[in-house]
Amino acid sequence: MNEQLETIIINPAEKADAVVIWLHGLGADGHDFEPIVPELALPESAKIRFVFPHAPMRAITINAGYVMRGWYDVAKTDIGAQQDAEGIRVSQRQIEALIEAEIAAGIPAERILLAGFSQGAAIILHTGLRYPARLGGLMALSGYVPLAETLEAERHAANQQTPIFMAHGRQDEIIPHSLAEESRDLLTGLGYAVEWHSYGMPHGILPEEIDDIAQWLRKVLRLD
């Protein structure tokens, strides 16, 4: 599963000067968040390329081995137990390859943001905090920090000051709100600046959250 990821790319009208790499959740694909781009209502002058990768197809243990798109296997309903460390690290390398391709195309690392939903959020936190060059920001929607016990030893100082946006639903039935709070507290305890948002919703996205995402993107990419 080390092959290059297939992606959906939305380019700006002019040459891009920033990139958002946005990962979907378990069982979805790169098209999942494509419709949100116009809903963000970012300035017409924004020169942002959105990259939506498709996760590889894999058997998911908790779903009786059914093959679907996923960034790593899930073995138990207790998300934090028996984690698929190998799958997580393979996905890390695949996302790093996407980052490096954008850098090779002329986008500075500090103008590359990683975003993700659910499993995708877990992967961008895992990857971004270990990446050896300063990234523009990390946006984790309805996710958590995977392999949390390894973060302090493996994190890279380059992203100590990188802005982090975390958002979660208080009625989330897939990834408990309490797990996201634990992840937030782990990050703040390690000195990261986390912008935290909590909503009255289950495992999903709502319009208020999209507005908050847009405001955060405007701020970290200095679009206003």
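Everything here concerns the structure above.
What this report covers is the structure whose coordinates are included nearby. Being a predicted model, the structure only gives us computed values, none of them experimental.

What about the sheet that holds strand E7 (residues 137–141)?
Stage number 1. Reading across the sheet, the seven strands line up as E1-E3-E2-E6-E7-E8-E9 and stay open at both edges, with mixed pairing between neighbours. Whereas interior strands pair on both sides, the edge strands pair on one side only; in this sheet they are strand E1 (7–10) and strand E9 (194–199). If you compare each strand with its neighbour and ignore which way they point, the axes differ by 15° on average.
Stage number 2. Pairing of strand E6 (residues 112–117) with E7, which is carried by five bridges, proceeds in the parallel orientation. Looking at the pairing, Ala115 lines up with Met139 of E7.
Stage number 3. The strands touched by helix H2 (residues 85–104) within the sheet are E1, strand E2 (18–23), strand E3 (48–53) and E6, with E6 carrying the most contacts at an inclination of about 150°.

Re the environment of Pro38
Stage number 1. With respect to the helices and strands, Pro38 occurs in helix H1 (residues 36–39).
Stage number 2. By relative accessible area, which is 63% here, Pro38 ends up exposed.
Stage number 3. Counting along the chain gives 24 residues from Pro38 to Glu14, while the straight-line C-alpha distance between them is 16 Å.

Observations regarding the packing of aromatic side chains
Stage number 1. Under the definition given, this model contains five aromatic pairs.
Stage number 2. Centre to centre, the rings of Trp22 and Phe52 are 6.1 Å apart; their planes meet at 35°, and the pair counts as tilted. Residue Trp22 is found in strand E2, and its partner Phe52 is found in strand E3; the two are separated by 30 residues along the sequence.
Stage number 3. When its relative accessible area of 2% is taken as the criterion, Trp22 is described as buried.
Stage number 4. What makes Phe52 buried here is its relative accessible area of 1%.
Stage number 5. Seen in terms of ring centroids, Phe165 and Trp216 are 5.6 Å apart; in terms of plane orientation they differ by 50°. Their pairing is tilted. Note that Phe165 is positioned in strand E8 (residues 164–169) and Trp216 in helix H6 (residues 207–220), a separation of 51 residues in sequence.
Stage number 6. For Phe165, a relative accessible area of 0% gives the class buried.
Stage number 7. Its relative accessible area of 2% is what places Trp216 among the buried residues.

Cut-offs and rules
Residues numbered from 1 in each chain as written. Predicted model: local features only at pLDDT ≥ 70, side-chain atom pairs only at ≥ 80, totals over all residues. Heavy atoms only, no water. Pairing = 2+ DSSP bridges. Helix = DSSP H or I, 4+ residues; strand = E, 2+ residues; numbered from the N terminus. Axes fitted to C-alpha atoms, helices over the stretch in contact; angles between N-to-C directions. Contact = heavy atoms within 4.5 Å. Buried < 20%, exposed > 50% of the residue type's maximum accessible area, 1.4 Å probe, protein only. Phe/Tyr/Trp six-rings, centres within 6.5 Å; stacked < 30°, edge-to-face > 60°.

All we've got here are geometric facts, nothing functional implied.
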